[in-house]
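Descriptive structure summary
In case you want the letters, here they are:
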Amino acid sequence: LRARCPDNNLVLAYPALTSFVEEERAEIADPVTDTPGVSGCDLPVGLSLDGALGRLTSAAFPDDPEAAEEALRLLLTSAKGYPVELPAETVLLHAHSSRVARPVLLVGLGRDHWSVPTLNGPVRLLLGLLNPADNPPECHLRTLAELGRRFQNPVFLQALQSATRAEEVVQAISRPLS
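One structure accompanies this document, and this report is about it. (Residues numbered from 1 in each chain as written. Predicted model: local features only at pLDDT ≥ 70, side-chain atom pairs only at ≥ 80, totals over all residues. Heavy atoms only, no water.)

**Describing the pairing of strand β4 (residues 104-114)**
For a regular strand, side chains alternate in direction, first toward one face of the sheet and then toward the other. Burial analysis of β4 places 8 of its 11 residues in the buried class, which makes it a mostly covered element. With 7 bridges joining them, strand β1 (residues 37-43) and β4 adopt parallel strand pairing. Opposite Cys41, over in β4, you have Gly108 as the bridge partner. For β4 and strand β5 (residues 123-132), the ladder comprises 7 bridges, and the chain directions are antiparallel. Each bridged residue has a counterpart across the sheet, and for Leu109 the counterpart in β5 is Leu125. (Buried < 20%, exposed > 50% of the residue type's maximum accessible area, 1.4 Å probe, protein only. Helix = DSSP H or I, 4+ residues; strand = E, 2+ residues; numbered from the N terminus. Pairing = 2+ DSSP bridges.)

**Section: helix α4 (residues 65-81)**
Between its terminal C-alpha atoms α4 stretches 24 Å, which fits the 24 Å expected from 17 residues at 1.5 Å a residue. Listing the buried residues of α4 in full gives Ala67, Ala68, Glu70, Ala71, Leu74, Leu75, Leu76, Ser78 and Ala79. (Expected span 1.5 Å × (residues − 1).)

**Overview of the nonpolar core**
Counting 27 residues, the largest nonpolar core has Leu53, Phe61, Leu126 and Leu130 as its most contacted members. Of all the secondary structure elements, the ones that give two or more residues to this core are β1, α3 (49-60), α4, β3 (90-97), β4 and β5. Ranked by the residues each element gives to this core, the list is headed by α4, at 7 residues. The contact partners of Leu53, leaving out residues within four places of it in the chain, are Leu72, Leu75, Leu76, Leu93 and Leu126. (Core = buried A, V, L, I, M, F, W, Y, C linked by side-chain atoms within 4.5 Å. Contact = heavy atoms within 4.5 Å.)

**Some details on the pattern of salt bridges**
The final tally for this structure, using the stated rule, is 7 salt bridges. A salt bridge links Arg99 to Asp64; the shortest N-O distance between them is 2.8 Å. Linking Arg99 in the loop between β3 and β4 with Asp64 in the loop between α3 and α4, this pair joins segments that are 35 residues apart in sequence. Where Glu146 meets Arg150, a salt bridge forms, and the shortest distance between an N and an O atom there is 3.3 Å. On the criterion of helical spacing, the pair formed by Glu146 and Arg150 is a turn pair, its members being 4 residues apart in helix α5 (residues 137-150). The structure contains a network of salt bridges with shared partners spanning Asp64, Glu66 and Arg99. (Salt bridge = Lys/Arg side-chain N within 4 Å of Asp/Glu carboxyl O.)

**Concerning the packing of aromatic side chains**
Evaluation of the coordinates by the stated rule reveals 1 aromatic pair. Here Phe151 and Phe156 contribute two aromatic rings whose centre-to-centre distance is 5.3 Å and whose plane-to-plane angle is 80°, an arrangement assigned as edge-to-face. There is no split in this pair, since Phe151 and Phe156 are both buried. Against the face of Phe156 rests Arg150, its NZ or CZ located 5.9 Å from the ring centre. (Phe/Tyr/Trp six-rings, centres within 6.5 Å; stacked < 30°, edge-to-face > 60°. Lys NZ or Arg CZ within 6 Å of the ring centre and 35° of its normal.)

Structure below.
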């Protein structure tokens, strides 16, 4: 609205402009459809980054090989182009998928460390966030912001650093922040 009316400090639009109704809908969070489903997978020693992501996506979509294949392609693209380095030896890879109806967070924990292009250090925790391609960008940003808040919480970070199984990370992510 500010871009459309830069010289006004108060604008009343009635009826509401269609584009703003869509934005307003996007701002209303639905805890059922906006909260990511979380899938965890322990990753064995000796896998390459590509192999680890392949194992992770296959575990997340065991009954839908096409979804697993698309997720792998999207997460590999993210790993090569725009990985997000997080504390606790973690990388977040995120993408928009046409194969998911709600956000999905894939959690892969390994004993090995992987090198991810453009990151400063090795990682042992892989997070892959897939958001529905037809969701408004605000939903994706809300999910990213929630993950960001978690990584600022010392109790959460300690839980990640001490985790020895992916299920422990899934539980830490699924717990409400204190």
